[in-house]
Every structure is written in structure tokens, then in C-alpha cells.
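# Fold and geometry: a report
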Amino acid sequence: MKKKIVIANWKMNYDLHETTFFIRNFLKIIFERKINHNKKIIISPSFPFLYISNQILQGTSLRISAQNVHHMDKGSYTGEVSASMLKSIGISKVILGHSERRGFFFEKNDVLLKKIKISLKYGLKIIFCIGETETERKKDQQFDIIKNQLEKTVFHCSPDEIKLFCIAYEPIWAIGTGKNATYKQAQTMHEFIRYLFLKKYGEYISNQIYILYGGSITDLNAKYFFLQKDIDGGLVGNSSLKMEKFLKIIKS
Ligand code: PEP
């Protein structure tokens, strides 16, 4: 049985005090209530707090991930953070391709592929987000969109590199809207994604690859998503900012 993965994407929320307060208390509670076994928990705070968060979690099974990385090695890119910088502070995971990065910061597949390559160069594990817009789904184009997003990015990687990936299917219309995909819509898409991995990389990788669902997961609906055959966990935004809600999602 694969352990489920639950990732808290905190986006641009929580300052230093809030971040460390949450993580310290969260850690205390999950050990007290013994709810961390048999699952992998990853928290993704903002850049300035990655180091301290990682320090707090040293020696535990919880992990920290960055929310983004720049696509170049180093240089005159004011305000950006490189993969080697993340590596140098002990960060080993990064979220790439989130729809907010694609939308607000115009990150297209070509840049995302560069981000993938630079992350792999520094051995970072990648949580790669894909998803269709509401208009694309209304036009029944979701399968073509997902296939295209994978073909232009992740599928440029070798089987060895694919071991460092986890895919997050996040329908854009479901992110932060309270309008989650139905369990059937999510399962159907996850099965399709797994099939694409099967065709490209064979059975072993398609079984091993983690495919997470993201988009308005709450403490009330999480367990139904996690019961689906091809859903290996969740990427959680809003509901991960409330400790009790996030704990319930993890218990699910
Ligand atoms: C996300 O930002 O990845 C996300 C899934 O957000 P939310 O859970 O708030 O929809």
C-alpha cells in the first residue's frame, strides 16, 4: 500500500510568528494524537520561512517544500530564488506549475520545463501541478489539455528523473472557489493521467507515480477523494491554514 501524501500549500499567508507557531503546535498535536503514521505530510510556507520551518521539523517525518523556484542557475534576476539556494538551506522539494503561477505570473510550459530541469539538476523533488480551466472543461477539452501540459513538460524527463515527481491534478475552476470536482470527475482524470504515464513510461512507473488531487479539499470531502482508486493524496490550500481542519483532512 502506498502511503498517502497530504501537502499544505500556504501560498502568501502567515508571517514568521504564525508560521512557526502553527508548525510547532501542529507537530505536537500529530504526535500526541498519533495521526502521522502511514502518510506523508508536507508543508509549504513562504520563502523567508523555509529555513526555520525545516529546522523545526528536523528529525521528524514531516517535510517542507518551496512553492516556486526560478528557472535559471543564478544571475541578475532581482527578487528571484534559485534551486541551489533552496538546496543550500536543506529544502528538497518544490511545487511547480501551480495555476496561480501560470495565471498571475504567466508561466508557460517552456519556462516550466526549464524550472523542472534546474530543479532536477539540484536533486529537488517536484510536485508538478496540472489542470484545466472551467471553459476548457465546458468544451470537454480537459483530457487534451492535461495531455498537452504533460507532453510539453514532465514527459521530457527520463524514467529515472520521473522518480522525483509527484503530479497534482488541480482543476483551475476548483482552486480556492469552494467548488470541488466531483469524486468521479477527479477519479476519471486521475485514471487518465495514470494511463498517460503507462503509455510513456510503462507499468511500474505508472503504478508508482503519486497523483494528488487539489481544489477545494475540505475536512468534509477529503475522505471521499482519498477513497478513489487513483487518488494518492491531496494538495490543500485554504483548508490547510486552519489547524483543526487540516488535521481532519490528514486523518481522512
Ligand atoms: C491550491 O492552491 O493548490 C489549492 C488546492 O487551493 P484550495 O484548496 O484552496 O482550493
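Scroll up for the structure.
Here is a short report on the structure shown in this document. For every chain, the first residue of the written sequence is number 1, and numbering continues from 1 onward in sequence order. For this predicted model, a pLDDT threshold of at least 70 governs which residues receive local features, and a threshold of 80 or more governs which side-chain atom pairs are given and counted, while totals over whole chains, interfaces and linings are taken from all residues. To get the side-chain values, take all heavy atoms of the structure and skip hydrogens and water.

## Details of the pattern of salt bridges
Using the following cut-off: For this analysis, a salt bridge means a side-chain nitrogen from Lys or Arg found within 4 Å of a carboxyl oxygen belonging to Asp or Glu. Helix numbering and strand numbering both begin at the N terminus, where a helix is a DSSP run of H or I of at least 4 residues and a strand a DSSP run of E of at least 2. Accessibility here uses a 1.4 Å probe with only protein chains present; expressed as a share of the type maximum, an area under 20% marks a residue as buried, one over 50% as exposed, and anything in between as partly exposed.
Considering all chains together, one arrives at 15 salt bridges under this definition. With its nearest N and O atoms 2.4 Å apart, the salt bridge here joins Lys121 to Asp73. Taken together, the residues Lys121 in helix H5 (residues 109-121) and Asp73 in the loop between strand S3 (63-64) and helix H3 (83-88) connect sequence positions 48 residues apart. Owing to a relative accessible area of 53%, Lys121 belongs among the exposed residues under this scheme. A salt bridge links Glu151 to Lys147, with the nearest nitrogen and oxygen atoms 3.3 Å apart. On the criterion of helical spacing, the pair formed by Glu151 and Lys147 is a turn pair, its members being four residues apart in helix H7 (residues 142-152). By relative accessible area, Glu151 is classed as partly exposed at 38%. What you see here is one network of salt bridges that share partners, running through Lys2, Arg194, Lys229, Asp230 and Asp232.

## Some details on helix H1 (residues 16-32)
Just so we agree on the cut-off: Expected helix span is taken as 1.5 Å per residue step, with the number of steps being one fewer than the number of residues. Contacts were defined at the residue level, with two residues in contact if any of their heavy atoms lie within 4.5 Å. Polar contacts, as counted here, are pairs of nitrogen or oxygen atoms within 3.5 Å of one another; within protein the pair requires one atom able to donate a hydrogen and one able to accept it, and residues that are adjacent in sequence qualify only if both atoms are side-chain atoms.
With 17 residues, H1 extends 24 Å between its outermost C-alpha atoms, agreeing within 8% with the 24 Å of an ideal straight helix rising 1.5 Å per residue. Within H1 the residues assigned to the buried category are Thr19, Thr20, Phe22, Ile23, Phe26, Leu27, Ile29 and Ile30. Looking at the buried positions of H1, the neighbouring elements they touch are strand S2 (39-44), helix H2 (50-56), S3 and helix H12 (243-251). You can read the cap of H1 off the contacts: a side-chain oxygen lies 3.1 Å from the backbone nitrogen of His17, and it is on Asp15. Positioned one or two residues after H1, Lys34 has a phi angle of 50 degrees, which is positive.

## Observations regarding the site of the ligand
Defined as follows: What makes a residue near a molecule or strand is one non-hydrogen atom of that residue sitting within 4 Å of it. A 1.4 Å probe and the Shrake-Rupley method give the accessible areas. Residues count as covered only by the protein chains that appear here.
Neighbouring the ligand are 14 residues, the closest being Lys11, Glu170, Gly176, Ser216 and Gly237. Contact distances for the ligand include 3.5 Å between an oxygen atom and a side-chain N or O atom of Asn9. In this structure, an oxygen atom belonging to the ligand sits 2.9 Å away from a main-chain N or O atom of Asn238. Coverage of the ligand by the protein chains reaches 99% of its 290 Å² of free accessible surface.

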